[in-house]
Amino acid sequence: MMNRKKLKNKQTLNGHKPKRFKSDKPDPFFSNDSNRRTRFEGDDDDSINSSDSDDGHVAAATAEGGGESESEEETAAEKRKRVAEAYLEKMREVSRREEEEDDDDDDRGGRGDGDMDSMVARLLQAQQLEESGRVRRLIASRVQSPKSTEGFRLLVKHRQTVTAVVLSEDDSKGFSASKDGYIVQWDVDTGKAETFVWPSEEVLKSHGAKDPQGKAKKRSKHVLALAVSSDGRYLASGGFDRHIHLWDTRTREHIQAFPGHKGPVSCLTFRQGTSELFSGSFDRTIKIWNAEDRSYITTLFGHQSDVLTIDCLRKERVLTVGRDRTMHLWKVPEESQLVFRAPASSLECCCFINNDEFLSGSDDGSIEHWSVLRKKPLHIVKNAHPSLTPNTPDVKQNGDLSNGSKDDVDRVPEKLGQSACSWVSSVAVCRGSDLAASGAGNGVVRLWEIENDAKGVHPLFELPLVGYVNSLAFAKSGKFLVAGVGKEPRLGRWGSLPAARHGVVVHPLQLS
């Protein structure tokens, strides 16, 4: 006992124990952290207190100089404010144009600033309701029957079959790609085209690309999918080389390559209003990327075969179809998925109508209307794109359209109905509206009306177009429809239509 007390006293005399609790001089690391925190949290000069003279001088200089370094680099809040002000000015310009077109404004002498701001508020509210899917624009009933002189007009030529077509958010320009790796940016009004140039192999590797995998010794430029971001800054492409390539639309230069997929990248889409990118592949996975940060986020598993088509709206929900005869609705934040099984053959394409309804096309020629509340289709339009026989007229008007009735099925031979020409290879919906379109290889693009309350899908008109319609895109206003066509289907060469032309075509839609 005495020895323990002596040892304790010895340690006390040597100064070890007091040294643990004594703090004559503060640790500079924690002191600097406190000063740094004070400097950012303070609202005025009085709140900047520092025990270190050098840090105090720097803080005072920053406060007195008005933050010259901060003014050079725009903060996130300032950027959001700038974008919001620019968007409001754009909406004011839209309301001014509407005021000029309104004949009644001449009698009232125009609107004041208060009326203009209230109109902008109503436009913003209506746009928000449409984008959220709570309000649907009824424009299908306003589409007038196309005249005999009207038809698809060739906008951009390609050397091989066009596989993908997308439009920018303002519908002023579009992008298309073909099987030979030819990626083109074009103006919707004039058709002026500018080509994206693939960089050298060394540049691709410096941007993150890996060496060709499998038996391939040379990198394939075959493009299967395109997607453009809502701000129009980024264009993403994917194809047989198993990479997602990111391009700058302003300079048309390659900026990044995302490896990771173990199979060809078959479909791409950006989430509206963000730089979040979703990719689907033949390796049965869906991957999520961030184009702004040039980063990989996560991978979604669930499909048992090739993923063929993908779509996304503003919500973090992704819709995909695959060759496993299933359609998946992925709820990314909840890390869950809903699986919808096709009643017949493989699903080929899909798209959102709104957050709770979607449309799909099958290789048996059917179009399905789905709801998130049911695992089976609400409505099925069979034989939506029948192969034309010699006794069938080339073009049928609204009163003589096939709509999946028994008479139509019996009129077309089963062998022709099951051929590749009748496969529904593409579907599209005019955003926030009840107007839809579908394409195949039977020589027509069909317009459909989607009724409210999931009452059904009804045919409107048929637009003649020779070739495999591999991609469709509506203008946000519904005033025109763009299609990518070619002699061969998008994902293979099991069919050929020699009379078709490779390219991008546009058809105007007259609204009453």
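Definitions and limits used
Residues numbered from 1 in each chain as written. Predicted model: local features only at pLDDT ≥ 70, side-chain atom pairs only at ≥ 80, totals over all residues. Heavy atoms only, no water. Helix = DSSP H or I, 4+ residues; strand = E, 2+ residues; numbered from the N terminus. Buried < 20%, exposed > 50% of the residue type's maximum accessible area, 1.4 Å probe, protein only. Contact = heavy atoms within 4.5 Å. Areas by Shrake-Rupley, 256 points an atom, 1.4 Å probe, with all protein chains shown as cover. pLDDT = per-residue confidence, 0-100. Pairing = 2+ DSSP bridges. Axes fitted to C-alpha atoms, helices over the stretch in contact; angles between N-to-C directions. Salt bridge = Lys/Arg side-chain N within 4 Å of Asp/Glu carboxyl O. Core = buried A, V, L, I, M, F, W, Y, C linked by side-chain atoms within 4.5 Å. Phe/Tyr/Trp six-rings, centres within 6.5 Å; stacked < 30°, edge-to-face > 60°. Lys NZ or Arg CZ within 6 Å of the ring centre and 35° of its normal.

Asker: An account of the overall build of the protein chain is needed here, citing residue identities and associated values.
Answerer: In terms of regular secondary structure, the protein chain is built from eleven helices and 28 strands. Residues classed as buried in the protein chain amount to 46% of the 512 residues present. Within the protein chain, contacts between residues at least 6 apart in sequence are counted, and of these 50% link residues at least 24 apart. Carbon and sulfur atoms make up 48% of the accessible area of the protein chain, which totals about 27,100 Å².

Asker: With reference to specific residues and values, describe the environment of glycine 208.
Answerer: Here glycine 208 is to be found in the loop between helix H9 (201-206) and strand E6 (223-228). Taking the C-alpha atoms as reference points, glycine 208 and histidine 243, 35 residues apart in sequence, are found 9.6 Å from one another. Residues in contact with glycine 208, not counting those within four places in the same chain, are Gln256, Ala257 and Pro259.

Asker: So, the confidence of the model for the protein chain: which residues are in play, and what are the values?
Answerer: Across the protein chain, the average pLDDT comes to 79, with 73% of residues at 70 or higher. Low pLDDT (under 50) marks residues 17-23, which in the prediction has three contacts with non-local residues, meaning those over four places away or in another chain. Across residues 28-71, where pLDDT falls below 50, the model places 20 contacts with residues more than four positions away in sequence or in other chains.

Asker: Break down the sheet that holds strand E20 (residues 367-371) for me, citing the residues and quoting the values.
Answerer: The four strands lie next to each other as E18-E19-E20-E21, forming an open sheet whose pairing is antiparallel. In this open sheet, the two strands that pair with only one neighbour each are strand E18 (347-352) and strand E21 (379-381). Averaged over all adjacent pairs, the angle separating strand axes in this sheet is 20°, with direction ignored. Strand direction decides the pairing type here: E20 and E21, joined by three bridges, are antiparallel. Across the sheet, the residue bridging to isoleucine 367 is valine 381, located in E21.

Asker: Give a detailed account of the pattern of salt bridges, specifying residues and quantitative values.
Answerer: In total, this model carries 15 salt bridges according to the counting rule given. A salt bridge links arginine 159 to aspartate 180, with the nearest nitrogen and oxygen atoms 3.5 Å apart. Of this pair, arginine 159 sits in the loop between strand E1 (153-157) and strand E2 (162-167) while aspartate 180 sits in the loop between strand E3 (173-178) and strand E4 (183-187); the two residues are 21 residues apart in sequence, bridging distant segments of the chain. The exposure class assigned to arginine 159 is exposed, which follows from its relative accessible area of 61%. Owing to a relative accessible area of 23%, aspartate 180 belongs among the partly exposed residues under this scheme. Of the charged contacts in the structure, one is a salt bridge between lysine 205 and aspartate 211, with a shortest N-O distance of 2.8 Å. Of the residues examined, aspartate 211 reaches a relative accessible area of 48% and is grouped as partly exposed.

Asker: Which residues make up the environment of valine 135, and what values do they have?
Answerer: Along the polypeptide, valine 135 turns up in the loop between helix H8 (113-132) and E1. Sequence separation between valine 135 and glycine 432 is 297 residues, and the spatial gap between their C-alpha atoms is 7.3 Å.

Asker: Describe unusual backbone geometry, and please don't skip the residues or the numbers.
Answerer: The backbone of aspartate 171 shows a phi angle near 65°, a positive value even though the residue is not glycine. By the secondary structure assignment, aspartate 171 is in the loop between E2 and E3. The phi angle at arginine 242 is positive, at roughly 70°, despite the residue not being glycine. Relative to the assigned elements, arginine 242 resides in the loop between strand E7 (234-239) and strand E8 (244-248).

Asker: So what about the sheet that holds strand E17 (residues 336-341)? Which residues, and what values?
Answerer: Strand order in the open sheet made by the four strands is E14-E15-E16-E17, with antiparallel pairing throughout. Both edges of this open sheet fall to strand E14 (307-312) and E17, since each of them pairs with a single strand only. Across the sheet, the mean angle from the axis of one strand to that of its neighbour is 20°, orientation sign disregarded. Inspection of the sheet shows strand E16 (residues 326-331) paired to E17 by six bridges, in the antiparallel sense. In the strand pairing of E17, lysine 331 is matched with serine 336.

Asker: Can you tell me about the nonpolar core, naming the residues and giving the values?
Answerer: Soluble, globular proteins show a tendency: their nonpolar side chains are buried together. The biggest cluster of nonpolar side chains holds 22 residues, and the ones touching the most others in it are Leu435, Val445, Leu447, Phe474 and Leu481. At the level of elements, strand E23 (435-439), strand E24 (444-450), strand E25 (457-464), strand E26 (468-474) and strand E27 (480-486) are the ones that each hand at least two residues to this core. Not counting residues within four places of it along the chain, the set of residues in contact with phenylalanine 474 comprises Leu167, Ala428, Val429, Cys430, Leu435, Ala436, Ala437, Leu447, Phe480, Leu481 and Leu509.

Asker: An account of the packing of aromatic side chains is requested, with residue identities and associated values reported.
Answerer: Enumeration according to the criterion identifies nine aromatic pairs in this entry. With a centroid separation of 5.4 Å and an interplanar angle of 65°, the aromatic rings of tryptophan 289 and tyrosine 296 are classed as edge-to-face. Overall, tyrosine 296 belongs to the partly exposed group, its relative accessible area being 44%. One aromatic cluster is present, built from ring pairs that chain together Phe175, Phe196, Trp198 and Trp247. Taking the ring centre of tyrosine 182 as reference, the NZ or CZ of arginine 159 above it sits at 4.7 Å. A cation over a ring is seen here: arginine 323 above phenylalanine 282, with NZ or CZ 5.8 Å from the ring centre.

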